[in-house]
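For reference, the chains in residue letters:
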Amino acid sequence: MGWNYWYAYSILVPFEITVATLFIDYLNPPVLDAVFITILFVVIVGLNYLPVGNSGEADFAFSSLKLSMLTGIISLSIIIAGGSEPTTDRVGFRYWHNPGPANAWILEGGKGKFVSFIGVLFTVILPLSLAVEMVAICGSKTKDPRKTIPRASKAFVIRLICFYVLPISGVMLICPSDAPEPTSGGAGAGSSPFVIQFKTAGIQVLGHIVNAIILCSAWSAGNLHMYLTSRSIYSLAVAGNSPKMVAKRNRWCVPYWAVPYCTALTLLAYLNVSSSSGQIFNWFVNMINMAAFFSWILTSCAYLRFRSAMNAQNIDRST
């Protein structure tokens, strides 16, 4: 399990760098992708050599930007749907009826929509994968984990609604499901529904602002995942399941040998130089989802064995 977490969090770092590359490509800069990948890579690694407090402050700043963006997206979606957009066209719930909230995939009619739902379901596992483990690992660094971890776990459902359900509902209001950009097989930030909704509303500049904030968000997430993967292999070293040198820490209690051990898989981000960023993105999604499935299967098996042991010893679950 420990090595699986290390692998999953290590893959999440180049995944987030790939996401950032997608949004940089949208701006079509006259600089090679390798330059931006190197900058992102160096900053993420450098932040994880700093004390945890400094790295946490940077993550807090990026998260605040993301929260502001999501609040703005939800508010603007309601305003635009109500008819306050530059085109003065009241959209309302029009796109929920025509063309509808979902498209058929592979099959026709209702069966095709069900297949498309199943296909999307495997993709959206990514935001939920390893989320509980993140709370446990980060909570261990707080002053009072007994209170902090339960509080953060209970707030996870609220964050899920605020950060995923509400923004997607807003996108569904003003971005038609048959828009050519996401349905033509295109890849990149130009296919993002967040960008398309503002293009459809005639507010071009907001698409660039959203892309810039998502770029910062991906950078922040990459920093967090580098922290998690370095602490995962550090825990393995403390337990004697990885090289002992990884357990060495500096005066800031940072496992300075764990970080370079985790950068090996991060170099996979340079695949974006020779292949399409959209294709590399899909590869990373599949790799991370497989690790999440493996983690959930092992966790479920361990829990079943734990319940069996409690029943065998007549231990009451309420105690």
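Residues numbered from 1 in each chain as written. Predicted model: local features only at pLDDT ≥ 70, side-chain atom pairs only at ≥ 80, totals over all residues. Heavy atoms only, no water.

Visitor: When you look at the overall build of the protein chain in this model, what are you seeing that I'm missing?
Guide: When helices and strands are counted, the protein chain shows 13 helices and zero strands. Counting helices and strands in the order they occur from the N terminus, the protein chain gives α-α-α-α-α-α-α-α-α-α-α-α-α. Counting every position in the protein chain, which comprises 319 residues, the buried fraction comes to 37%. Counting only contacts in the protein chain whose residues sit at least 6 apart along the sequence, the fraction spanning at least 24 positions is 72%. (Helix = DSSP H or I, 4+ residues; strand = E, 2+ residues; numbered from the N terminus. Buried < 20%, exposed > 50% of the residue type's maximum accessible area, 1.4 Å probe, protein only. Contact = heavy atoms within 4.5 Å.)

Visitor: Whenever I open this one, the packing of aromatic side chains confuses me. Can you help?
Guide: Two numbers describe a pair of aromatic rings. These are the distance of the centres and the angle of the planes. Scanning all chains against the criterion turns up five aromatic pairs. Seen from their ring centres, Trp 3 and Trp 6 are 5.6 Å apart, and the 85 degrees between their planes marks the pair as edge-to-face. One end of the pair, Trp 3, and the other, Trp 6, are both in helix α1 (residues 2-26), three residues apart, so they sit about a helical turn from each other. With 6.1 Å between their ring centres and 90 degrees between their planes, Phe 293 and Trp 296 make a pair best called edge-to-face. You can see Phe 293 and its partner Trp 296 sitting in helix α13 (residues 277-312), three residues apart, about one turn around the helix. When its relative accessible area of 26% is taken as the criterion, Phe 293 is described as partly exposed. (Phe/Tyr/Trp six-rings, centres within 6.5 Å; stacked < 30°, edge-to-face > 60°.)

Visitor: Explain α13 to me, please; I cannot follow it from the model alone.
Guide: At 3.6 residues per turn, the α-helix brings residues three or four places apart onto the same side. Counted at 1.5 Å a residue, the expected span for α13 with its 36 residues is 52 Å, and the 52 Å between its end C-alpha atoms agrees. For α13, the full list of buried residues reads Ser 277, Gly 278, Ile 280, Phe 284, Val 285, Ile 288, Asn 289, Ala 291, Ala 292, Ser 295 and Met 310. Positive backbone phi, at 55 degrees, marks Asn 314, one or two positions downstream of α13. (Expected span 1.5 Å × (residues − 1).)

Visitor: It is not clear to me how the packing of helix α2 (residues 33-47) against helix α11 (residues 204-238) should be interpreted in this structure. Could you clarify?
Guide: When two helices pack together, their arrangement is given by the angle between the helix axes and the distance between those axes. Running from N to C, α2 and α11 cross one another at 45 degrees; their axes reach a closest spacing of 9 Å. As summarised for this structure, α2 and α11 are arranged oblique, according to the angle between their axes. When the axes of α2 and α11 are compared, the crossing they make is right-handed. Side by side, α2 and α11 meet where Ile 39, Leu 40, Val 43, Ile 44, Val 45 and Leu 47 of the first sit next to Trp 219, Gly 222, Asn 223 and Met 226 of the second. Within the contact of α2 with α11, the residues separate by chemical class into eight nonpolar, two polar and no charged. (Axes fitted to C-alpha atoms, helices over the stretch in contact; angles between N-to-C directions. Parallel < 35°, antiparallel > 145°, perpendicular 65-115°, else oblique. Left-handed = near helix turned anticlockwise from the far one by under 90°. Nonpolar A, V, L, I, M, F, W, Y, C, P; charged D, E, K, R; others polar.)

Visitor: Sorry if this is basic, but what is going on with the nonpolar core here?
Guide: Of all hydrophobic cores here, the largest spans 49 residues; its most connected members are Phe 15, Ile 17, Met 69, Val 210 and Met 226. Contributions of two or more residues to this core are made by α1, α2, α3 (52-81), α8 (145-174), α10 (193-201), α11, α12 (258-266) and α13. Tallying contributions element by element places α1 first for this core, with eleven residues. Excluding residues that lie within four positions of it along the chain, Met 69 makes contacts with Val 210, Ile 213 and Ile 214. (Core = buried A, V, L, I, M, F, W, Y, C linked by side-chain atoms within 4.5 Å.)

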